[in-house]
Amino acid sequence: MGKIASLSLALLLATGMSGVVPAAALPVNAQDSVRSLYDTLLSTMKDGRRLGQGGRYARLAPVVDRLFDVPSMARLAVGPSWPTLSPTQQQQVMEAFAHYISATYADRFDSYSGEQLQVTGEQPYGTEVIVQTKIVKAKGDSVTLNYRMRENAGSWQISDVYLDGTISQLATQRSEFHSILQHEGVDGLIMALNRKVDLLTRNVAKVS
């Protein structure tokens, strides 16, 4: 299975540094936010082998922090038990969740072989917006990813990702997190997320 196709699975589970993409101004609309993410992903893919996993993660992490509404996503993924967590536990879950998003994108978008990341349009979704996109592989087959966007303090951030336009990343993660929370509690969830990050980033050659 190709790396871009593997992103489908990643979304169902639930981000020397020369050439680093500088922090951009806050996007003025929802489509620009997704284009900003895709510009960084393409740059990272093209430099992927030189950067290695650690370099890709370092490039993507600040973009994930800027463009993903991690607090809202973490709260919704945890579900009804979120208010029972202490502020420290909530912060630890948010940090682990952000690391996991960055590590997953760094792993799945590891190299470039002619893919196109296209923003194709948008539609209103209540007070939010759904931005429609396609990832088109070199041979022409494509994966549809739609991004649910909400405006926060004048910028548009990603609050969910839909595979094939309908399969919610957050709904899938919420089911997975619920099982972990039931059996291992919030500390177990934090450990599970950090363990996944470690698995995605271990044994990586240092970037020269």
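A brief structural summary. (Residues numbered from 1 in each chain as written. Predicted model: local features only at pLDDT ≥ 70, side-chain atom pairs only at ≥ 80, totals over all residues. Heavy atoms only, no water.)

1. Observations concerning the pattern of salt bridges
So the rule is basically this: We define a salt bridge as a side-chain nitrogen of Lys or Arg found within 4 Å of a carboxyl oxygen belonging to Asp or Glu. Where helices and strands are cited, they refer to DSSP runs of H or I of at least four residues and of E of at least two residues respectively, numbered from the N terminus. Whether a residue is buried, partly exposed or exposed follows from its accessible area with a 1.4 Å probe, protein chains only, as a fraction of its type maximum: under 20%, in between, or over 50%, in that order.
According to the stated counting rule, one finds 9 salt bridges in the structure shown. Across the pair R150 and D69 runs a salt bridge, and its minimum N-O distance is 3.3 Å. With R150 in strand β3 (residues 142-152) and D69 in the loop between α3 (48-67) and α4 (70-78), the pair connects residues that are 81 residues apart, well separated along the chain. Neither residue differs from the other here; R150 and D69 are each classed as buried. Its salt-bridge partner being E176, residue K196 comes within 2.2 Å of it at the nearest N-O pair. Using a relative accessible area of 21% as the deciding quantity, one classes K196 as partly exposed. Look at E176 and you get partly exposed, because its relative accessible area is 22%. Within this structure, D69, E128, R148 and R150 form a network of salt bridges that share partners.

2. Notes on the packing of aromatic side chains
Inclusion rule: Stacked, edge-to-face and tilted labels apply to pairs of Phe, Tyr and Trp rings (six-membered ring for Trp) whose centres lie within 6.5 Å, assigned for plane angles under 30 degrees, over 60, and everything in between, in that order.
Throughout the structure, instances matching the rule amount to 4 aromatic pairs. Measuring from centroid to centroid gives 5.9 Å for Y38 and Y147, while their planes differ by 75°, and the two rings are edge-to-face. One end of the pair, Y38, is in helix α2 (residues 30-46); the other, Y147, is in strand β3, and 109 residues separate them in sequence. The exposure class of Y147 is buried, given its relative accessible area of 0%. Pairing F97 with F177 gives two aromatic rings, centres 6.0 Å apart and planes at 80°, and the pair type is edge-to-face. Here F97, found in helix α5 (residues 87-108), pairs with F177, found in helix α6 (residues 169-201); they are 80 residues apart in sequence, far enough to count as distant. Like F97, the residue F177 is buried in the burial classification. A connected cluster of aromatic rings, assembled from ring pairs, spans F68, Y105 and F109.

3. Digging into the nonpolar core
Nonpolar side chains tend toward joint burial in soluble globular proteins. For the record, the criterion: Each nonpolar core is a collection of buried residues, namely Ala, Val, Leu, Ile, Met, Phe, Trp, Tyr and Cys, held together in the definition by side-chain atoms within 4.5 Å. Contacts are assigned to residue pairs that have any heavy atoms within 4.5 Å of one another.
Ranked by internal contacts, the top residues of the largest apolar core, which has 56 residues, are L37, Y38, F68 and Y147. Element by element, the count of residues in this core is highest for α6, at 11 residues. Setting aside residues no more than four positions away along its own chain, F68 makes contact with L37, V63, M73, I101, Y105, Q157 and I158.

4. Details of the sheet that holds strand β5 (residues 167-168)
Spelled out, the test is: Two strands qualify as a pair provided DSSP detects at least 2 bridges between them.
With antiparallel pairing, 5 strands are arranged side by side in an open sheet as β1-β2-β3-β4-β5. Both edges of this open sheet fall to β1 (116-125) and β5, since each of them pairs with a single strand only. Sheet topology note: the β3/strand β4 (residues 155-163) ladder contains 8 bridges and is antiparallel. When the bridges of β4 are listed, R148 appears paired with D160.

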